[in-house]
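Spelled out, the chains give:
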Amino acid sequence: MDGEGTDRFLTWFQTRGGSYDANSMGITVFPPAEGGRGAIALKDIPEGHLLFSIPRSLSLSTRTSTLPKVFGLAEWKQLELHKGWAGLILCMMWEAARGKESNWAEYLDTLPTAFDTPMFWTQSELEELAGTSIVGKLGKEDAERDYEGKVRPALKRRPDIFGQNDKFYSLEMYHTMGSRILSRSFNVEKWEGDDEDGEGTSELLTVGQPTDDAMDIDDANPEGTHTVEAETEEEDREEEDDEEEDSSDVAMVPMADMLNARFGTENAKLFYEKNDLMMISTKPIKIGEQIWNTYGDLPNAELLRRYGHVDLLPLPDGTTGNPSDLVELSAEIIVGMVKELHSQSSEGFVERIDWWLEEGGDDVFEFDCELDLPPAALSLIRLLLLTDGEWNKVREKGKPPKPKADSDVLLVLEKALNKRCKEYSSSIEDDESRLQGELTLNVRHAIVVRLSEKRILQNTLNKIATLLHNRKPQDNKRKAEAQSDSGTKKSKRK
Ligand SMILES: C[S@@+](CC[C@H](N)C(=O)[O-])C[C@H]1O[C@@H](n2cnc3c(N)ncnc32)[C@H](O)[C@@H]1O
């Protein structure tokens, strides 16, 4: 968006009831590594300062767009457009197709048309992500299923509303709108006491998850909070009980979505009142500094998948990376390793695994930069290593084994992590050397993500090796003691 575009947007914003402190903040373009277009402090801003406010009616969601009503709410639901993001995407397509007639025309003009997210990568670029957790989370097929199953039938059913304009309603446009939601939407809940369909004087929506983030600013907005993190994946949302309400909470919020984010730099947050959403500084901001929101300090894999960028900061070990990074290990690898190491038959495990899952046990374990061994992974390994007698007792008690990292458990975990390392097609050294050379942005991002995952795996393996080294003599001593104890008991019983 050029200067003229910014001015048009700001004029639109103000004429529609939005307000911003033009003395304190402006919209400018930062270097790409700092987010490109974003907001800048035009003077020293104290903490708790209102930077801008947005009437709820100016957010764009399935509640504020008139499309669901024009289409007919019953038919909307019949096509399942009230579930997931398909309904909001169709609203955004329709609003874009209406051009200047749309309430959001000038806002829609500000939104990106191209993305650096893996959703739009070539096959060879995607191959660079092999081994990372992004691969299974792109959601492209799910999106295309929704387009074919919900949006296309809606377009066919109501040519009087949608016309024949393929340009605005193509699958490509569906992905573009979906990516706009993924990288810019907020979770805007209904205001408590609002009536069923969001009409009337109860003034529609509230922002965010009014829980931990809540912060008192003054009496006027006692429950301020924000959720700049893009919504959870569609498939997660579909599992939620009150899905209908959740989907209509997803909203595009003009101006608030102009703020960039970087790990640990947040100095402004979105708060809410009954009628307005408000961006308020959470720290003093110096003149010339960027006004940063937060996307939840996500790991680079998630930043890349949702937003198309990565955070690189100096880390305590002298490398650069994102302190939130983590690597996933599936329970499947652990189960396979126990089978391999202990020559167990698959049948013996099925019962235990089913029980583990029924009890709410994880099927994926996260290892992070802190290098703590996930207690749930330790507990699962112990469960799988139990004798049949011990397993029966555990089942009777209804409690998974305590997450103790003895040497048997550590050996399984070590092998499982070594196997996990093999899912990447390159070594740490290869990646480090490639990062020194010329690379396209996408390939560089892919290497940053997988290198960090591999470093976490390697550091965790080093930790396990040290633990094993220190623990073996202790474990042997304990085993010997246990044997002599049981011997004593047995002789007593005789
Ligand atoms: C909510 S928008 C922020 C405003 C955006 N820069 C714009 O021009 O409208 C999120 C997008 O901004 C960019 N962005 C935000 N923070 C960034 C950062 N720390 N580094 C690189 N890009 C960033 C990414 O393209 C991301 O998808």
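Everything quoted here is computed from the prediction, not taken from an experiment.

Quick look at the overall build of the protein chain
1) Next: If you tally the helices and strands in the protein chain, you get 20 helices and 14 strands.
2) Next: Evaluated residue by residue, the protein chain yields a buried proportion of 38% over its 494 residues.
3) Next: Considering only residue pairs separated by 6 or more positions, the protein chain has 72% of its internal contacts joining residues 24 or more positions apart.

Points about the sheet that holds strand E2 (residues 25–29)
1) Next: With antiparallel pairing, three strands are arranged side by side in an open sheet as E2-E3-E10. The open sheet has two edge strands, E2 and strand E10 (290–291), and neither has a second partner.
2) Next: Looking at chain direction, E2 and strand E3 (residues 37–41) are connected through five bridges and run antiparallel. What sits directly across from Ile-27, in E3, is Ala-39.

Focus: the nonpolar core
1) Next: Ranked by internal contacts, the top residues of the largest apolar core, which has 76 residues, are Ile-89, Leu-90, Met-93, Ala-256 and Ile-291.
2) Next: Tallying contributions element by element places helix H4 (residues 86–97) first for this core, with nine residues.
3) Next: Once residues lying within four places of it in the same chain are set aside, the contact partners of Leu-90 are Leu-67, Leu-81, Val-151 and Ala-154.
4) Next: Among the nonpolar cores identified, the runner-up in size contains 27 residues, and Val-409, Leu-413, Leu-417 and Ile-456 belong to it.

What about the site of the ligand?
1) Next: The local shell around the ligand holds 16 residues, among which Gly-35, Arg-37, Asn-260, Tyr-307 and His-309 are the closest.
2) Next: Each residue belonging to the shell around the ligand can be placed in one class, and the counts come to five nonpolar, seven polar and four charged.

Observations concerning unusual backbone geometry
1) Next: One non-glycine residue with positive phi stands out, namely Met-255, at about 75°.
2) Next: With respect to the element layout, Met-255 can be found in the loop between strand E7 (250–252) and strand E8 (268–272).
3) Next: Located in the positive-phi region is Leu-371, a residue other than glycine, with phi close to 65°.

Things to note about the domain arrangement of the protein chain
The extent of an interface is frequently quoted as the accessible surface area lost upon association of the parts.
1) Next: What the domain assignment reports for the protein chain is domain 1 (3–310) and domain 2 (326–493).
2) Next: The partner domain 2 presents 16 residues to the 15 residues of domain 1 that form the contact.
3) Next: For the side of domain 1 that touches domain 2, the leading source of residues is helix H13 (residues 300–307), giving three residues.
4) Next: Taken together, the residues of the side of domain 1 that touches domain 2 sort by class into eight nonpolar, four polar and three charged.

Quick notes on the sheet that holds strand E9 (residues 276–281)
1) Next: The strand order across the open sheet built from four strands is E1-E4-E9-E8, with neighbouring strands paired in antiparallel fashion. In this open sheet, the two edge strands, each paired with only one partner strand, are strand E1 (19–20) and E8.
2) Next: Judged from the five bridges that link them, E8 and E9 form a sheet pairing that is antiparallel. In the sheet register, Ala-268 faces E9, and the bridge partner there is Ser-281.

Structural notes on the pairing of strand E14 (residues 364–368)
Working note: regular strand, side chains alternate between the two faces of the sheet.
1) Next: Here E14 shows a buried face lined by Phe-365 and Phe-367 and an unburied face lined by Val-364, Glu-366 and Asp-368.
2) Next: Judged from the five bridges that link them, strand E13 (residues 326–330) and E14 form a sheet pairing that is antiparallel. Looking at the pairing, Ser-330 lines up with Val-364 of E14.

Considerations on the environment of Leu-88
1) Next: Within the secondary structure layout, Leu-88 lies in helix H4.
2) Next: Placed 27 residues apart in sequence, Leu-88 and Ser-61 show a C-alpha to C-alpha distance of 6.0 Å.
3) Next: Residues within four places of Leu-88 in sequence aside, it is in contact with Ser-61, Thr-62, Ile-181 and Val-250.

Here we look at the environment of Leu-315
1) Next: For Leu-315, the position within the fold is in the loop between strand E11 (313–314) and strand E12 (320–321).
2) Next: Between the alpha carbons of Leu-315 and Asp-160 there is a distance of 57 Å; along the sequence they are 155 residues apart.
3) Next: With near-sequence residues (within four places) excluded, Leu-315 lies in contact with Thr-320, Gly-321 and Pro-323.

Digging into the pairing of strand E5 (residues 185–190)
1) Next: Within E5, five of the six residues are buried, leaving the element largely enclosed by the surrounding structure.
2) Next: Two strands pair when backbone bridges link them, and E5 and E7 are joined in this way by three bridges, in the antiparallel orientation. Following the sheet pairing, Ser-185 is matched in E7 by Met-252.

Remarks on helix H10 (residues 171–184)
Within an α-helix, residues lying three or four positions from one another point in the same direction, as the helix has 3.6 residues per turn.
1) Next: Helix length check: H10, at 14 residues, gives a terminal C-alpha distance of 20 Å against a target of 20 Å (1.5 Å per residue), a fit within 8%.
2) Next: Within H10, 12 of the 14 residues are buried, leaving the element largely enclosed by the surrounding structure.
3) Next: Buried residues of H10: Met-173, Tyr-174, His-175, Thr-176, Met-177, Gly-178, Ser-179, Arg-180, Ile-181, Leu-182, Ser-183 and Arg-184, and no others.
4) Next: In this structure, the buried residues of H10 make contact with H4, helix H7 (140–157), helix H9 (166–169), E5, E7 and H13.

Cut-offs used in this document
- Residues numbered from 1 in each chain as written.
- Predicted model: local features only at pLDDT ≥ 70, side-chain atom pairs only at ≥ 80, totals over all residues.
- Helix = DSSP H or I, 4+ residues; strand = E, 2+ residues; numbered from the N terminus.
- Buried ≥ 20, exposed ≤ 12 C-beta atoms within 10 Å, placed from the backbone.
- Contact = placed C-beta atoms within 7 Å.
- Pairing = 2+ DSSP bridges.
- Core = buried A, V, L, I, M, F, W, Y, C linked by C-beta atoms within 7 Å.
- Near = placed C-beta within 6 Å.
- Nonpolar A, V, L, I, M, F, W, Y, C, P; charged D, E, K, R; others polar.
- Domains from an automatic or database assignment.
- Expected span 1.5 Å × (residues − 1).

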